[in-house]
Amino acid sequence: MDHSTETPAAHGAHDSHDAPVDLAKSIRLYLKVGGYLILFTCITWAVALIDFGSHALNIGIGLAIATFKVALVSLIFMHLNHERGLVYKVLLFTVIFGAAMMFLFVLAYLDPIKASLTN
Amino acid sequence: MEIPYTVTARPDTGLYNAKVGIWLFLASEVMLFGGLFSSYVFLRIGADFPWPRHELHVLPGFINTMVLIGSSVTVLSAWASLKARRYGWFQINMLITLLCAAAFMCIKGYEYYGKFHHYSVIMQDGSVLDGHRPSDHPENYAPESHNGDKVALTDVNAISLNLAKSEASFLKHLRVSAAADKPYAEAPAGTVVKVRTPDGTEAELNQDWVKSLKKSYRNLENVRSDLAIIKERIDSPAKQIAEMKAAVTGTYPIPFDAAKAEKLTAQAVELRASSKEKIKTLEDKIAELEQANPVAKAATLNLQVVGAPLTFLVDERDFAKYNAKEIIFRDDVVLTGTVKNDAIPLNADVIDLRQSKDPEKSLVWKYYPQLKDPFFKHKEEVTGQFVKKHPEHANDFEKDLDWQHEALRVEIEELVAEDVYKKLEEPGEAINIERSDKRFYSNFSPSRSPYYAIYFLMTGLHGLHVIGGAIVLGYFLLTGRAMYKRNPEHLANRVEVGGLFWHFVDLVWIFLFPVFYLL
């Protein structure tokens, strides 16, 4: 998010504790982002009903929209567009380890449990 | 003690301490939910059954998404209100946030309730019937009556116990007939069960009596085993000599060691002489114990019911097996009588033949013969549409998961006219599935399939986060005024940290909703 559109509320969190805050402006921004989130939730539902020819594509599109929504929440609602370096360092490790964990299922392909073992 | 850096930033981190703390905590939370999402992927790609798609009602999940997004906006507004020193606005926004949390949990509860009252029977041939139990219809609700997951045994006149294993816990299944429509009412407290033991004495069958019998039997067995050990020791030399003799003509012959045999014989004689006293004492002790409590002499104890025969209604998970005359419990208790009402009553609403060996001969048609023609007519229609849309699959459409989902899993509502369906859903129209026809029977709880297991695990854990977050935010709302007067920035920071957790809860739901409800 561009620095110029930053809300006084978000700004006040870090720089000036007693700075006056434009409450109406802040709430307007939050409502706008909330509206986008609702809109994209509706789009997720609608997209799930469309047949893209392959179910994998449906899953991909659904997860892409969810990721975009998560980006909106974390950047604007959680102020990650304007945070101190330490937080990004913590999150960098989280992303690396989180992503590694999500790809653990590759192991299931490389070392599958054979049906004969379970019989 | 003053906690440092609750309001101002720490120079080295540039952040107030609680913020560093919450981000580290959220990082660990990402790993927690990441692990569960990873498990979900494992379960889904490894599933040996059709992974449920679009089986959950989307609307409650959709409304819950709206509710959480709304609460994220209000929790931010509450924080911004504190920054703007508008305490009234803070209160209003925080209150709305908490109401949203309550609404979320109520909707979740509604969904869970629906799942716990929806049942699924997997037949022996793999066919599946989902539906409701007639006893769950409010007008027909009688919890003490037969419910499908229980087997009723009437005219019980003989009870067999294994004193080495059995407990008296089977007595909790004792039922009495309270009225014509309540044949399986709970036995009132203090109900006495009188039995006759093999030696003709009468006793009151209860926990204490069984416990005392088991104790006597255990004592007796301990002495018997002591005696057996001594006798085995005395017999051991003779056994060894016999083995030595046999080895002479074995595949790998060993010459007979006469000196060793002689030594062993002498050993046996000595042992017999030295143990004589001990054996006598033990034998006397056994005789004494057997006489003191002749009922507990052997492990198996057959009891005859005195007076009117008994009735039991046993939960399926509590017994090991049963036949037309007996219910055998896992702890070897055997009740002998007449099995009644072992069928599973069901008002089906979904027929799923995706796992059926042969849909034409599915066991479902034994119970719903009238639905066979509409089912296959519907299947043909779906197939026609599918092939038209995907001409490349004209020859192998049966392998297509979408086709299977559309053609072989059908809601009965779609097959028949509305009034016919309504009639089928009436308790009186319930089918009675023979227990021998079912392979698996459960409500839509975690035991139904790995899909429902991980659905309840993840949404349940998420729900706990909603409750935890709401408690913290509620605490700020209730106790915030004093802190606001003392140091409003401190309260704002607290609300910011609570809000960050709340956004994380929202963020997890943003993934949970499509993953479980839509994809």
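Reading the values: the criteria
- Think of each chain on its own: its residues are numbered from 1, step by step along the sequence as written.
- The lettering of chains begins at A and the numbering of ligands begins at 1, in the order of writing.
- In keeping with the model being predicted, local features are shown solely for residues with a pLDDT of at least 70 and side-chain atom pairs are shown and tallied solely at 80 or more, while totals for entire chains, interfaces and linings include all residues.
- To get the side-chain values, all heavy atoms of the structure are used, and hydrogens and water are removed first.
- Helix and strand assignments follow DSSP, with helices taken as H or I runs no shorter than four residues and strands as E runs no shorter than two, numbered in order from the N terminus.
- Relative accessibility under 20% of the residue-type maximum defines a buried residue, over 50% an exposed one, and the middle range a partly exposed one, all with a 1.4 Å probe and only protein chains included.
- Contacts are assigned to residue pairs with any non-hydrogen atoms lying within 4.5 Å of each other.
- A 1.4 Å probe and the Shrake-Rupley method give the accessible areas. Residues count as covered only by the protein chains that appear here.
- By buried area we mean how much accessible surface two parts lose on assembly, using a 1.4 Å probe and totalling the loss over both.
- Salt bridges, as used here, are contacts in which a Lys or Arg side-chain nitrogen is within 4 Å of a carboxyl oxygen on Asp or Glu.
- We call Asp, Glu, Lys and Arg charged. Ala, Val, Leu, Ile, Met, Phe, Trp, Tyr, Cys and Pro are nonpolar, and the rest, Gly among them, are polar.
- The nonpolar core is taken to be a set of buried Ala, Val, Leu, Ile, Met, Phe, Trp, Tyr and Cys residues, with the residues joined through side-chain atoms within 4.5 Å.
- The predictor's confidence in any single residue is recorded as pLDDT, a number from 0 to 100.
- The rule for pairing is simple: two strands pair if DSSP sees at least two bridges between them.
- Here is the rule: rings of Phe, Tyr and Trp (six-membered ring for Trp) pair when centre to centre is within 6.5 Å. Planes less than 30 degrees apart are stacked, more than 60 are edge-to-face, and the remainder are tilted.
- All domain edges in this entry derive from an automatic or database-based domain assignment.

Peer 1: Describe the overall build of chain A, listing the residues and the values that go with them.
Peer 2: What chain A contains, in helices and strands, is 6 helices and 0 strands. From first element to last, N terminus to C terminus, chain A shows the α and β order α-α-α-α-α-α. Expressed as a percentage of the 119 residues in chain A, the buried residues total 36%. Sequence separation of 24 or more characterises 48% of the internal contacts of chain A that already satisfy a separation of 6 or more. About 7,000 Å² of surface is accessible on chain A, with carbon and sulfur atoms providing 72% of the total.

Peer 1: Quick one: what's the story with the interface of chain A and chain B, residue by residue and with numbers?
Peer 2: Each partner contributes to the interface: chain A provides 53 residues, whereas chain B provides 57 residues. For the pair chain A and chain B, the two sides together bury roughly 4,700 Å², of which 80% comes from carbon and sulfur. If you look at where chain A meets chain B, you find 1 salt bridge. Among the elements that take part in the side of chain A that touches chain B, helix 2 (residues 23-49) of chain A stands out by supplying 13 residues, more than any other. Across the side of chain A that touches chain B, the residue classes break down as 33 nonpolar, 15 polar and 5 charged.

Peer 1: I'd love a proper account of the nonpolar core, names of residues and values included.
Peer 2: Within the largest apolar cluster, 83 residues are counted, with the highest numbers of intra-cluster contacts made by Phe 77 of chain A together with Trp 23, Phe 90 and Phe 516 of chain B. Contributions of two or more residues to this core are made by helix 2, helix 3 (55-77) and helix 4 (85-102) of chain A together with helix 1 (17-46), helix 2 (58-83), helix 3 (87-116), helix 11 (450-486) and helix 12 (488-518) of chain B. Looking at this core, the element that brings in the most residues is helix 12 of chain B, giving 19 residues. In this view, Trp 23 of chain B contacts Met 78, Leu 80, Glu 83, Val 87, Val 90 and Leu 91 of chain A together with Leu 500 of chain B; residues no more than four positions away in its chain are not counted.

Peer 1: Describe the confidence of the model for chain A, with residues and values.
Peer 2: In regions of low pLDDT, the predicted coordinates are not meant to be interpreted in detail. Looking at chain A, the pLDDT average stands at 78 and 76% of residues meet or exceed 70. Confidence drops under a pLDDT of 50 for residues 1-19 of chain A, and excluding neighbours within four residues, the segment shows 40 contacts in the predicted structure.

Peer 1: Please set out the pairing of strand 10 (residues 319-322) of chain B residue by residue, giving values where relevant.
Peer 2: Residues and elements named next belong to chain B. With 3 bridges connecting them, strand 10 and strand 11 (residues 326-329) associate as antiparallel partners. The residue of strand 11 that forms the bridge with Phe 319 is Phe 329. Hairpin remark: strand 10 followed by strand 11, antiparallel, with 3 residues in the connecting loop.

Peer 1: I'd like a rundown of the packing of aromatic side chains, residues and numbers included.
Peer 2: For the structure on display, the rule yields 35 aromatic pairs over all chains. Geometrically, the ring pair formed by Tyr 30 of chain A and Phe 77 of chain A is edge-to-face, given 6.3 Å between the ring centres and 85 degrees between the ring planes. Taken as a pair, Tyr 30 of chain A in helix 2 and Phe 77 of chain A in helix 3 lie far apart in primary sequence, 47 residues in all. Ring geometry for Phe 319 of chain B against Tyr 322 of chain B: centres 5.5 Å apart, planes inclined by 65 degrees, an arrangement best described as edge-to-face. Judged by its relative accessible area of 5%, Phe 319 of chain B falls in the buried class. Note on Tyr 322 of chain B: relative accessible area 24%, which makes it partly exposed. Feature note: the residues Tyr 40, Phe 49, Trp 51, Tyr 112, Phe 116, Phe 444, Tyr 451, Tyr 452, Tyr 455, Phe 456 and Phe 516 of chain B constitute an aromatic cluster, connected by ring pairs.

Peer 1: Tell me about the environment of Tyr 16 of chain B, residues and numbers included.
Peer 2: Tracing the chain through its elements places Tyr 16 of chain B in the segment before helix 1. Through-space distance from the C-alpha of Tyr 16 of chain B to that of Thr 6 of chain B is 5.7 Å; in sequence the pair is 10 residues apart.

Peer 1: Now, about the domain arrangement of chain B: what can you tell me, with residues and values included?
Peer 2: Here the domain parsing of chain B yields domain 1 (17-118 + 448-518), domain 2 (149-342) and domain 3 (352-439). The straight-line distance from the C-alpha centre of domain 2 of chain B to that of domain 3 of chain B is 51 Å.

Peer 1: Account for the pairing of strand 13 (residues 344-352) of chain B, naming residues and giving values.
Peer 2: Residue and element names in this part refer to chain B. With respect to burial, strand 13 is a largely interior element, 9 of its 9 residues being buried. When strand 2 (residues 128-132) meets strand 13, the two strands line up antiparallel, connected through 5 bridges. Residue pairing for strand 13: Val 128 is matched across the bridge by Asp 352. Sheet analysis places strand 13 next to strand 15 (residues 431-433), joined by 3 bridges and oriented antiparallel.

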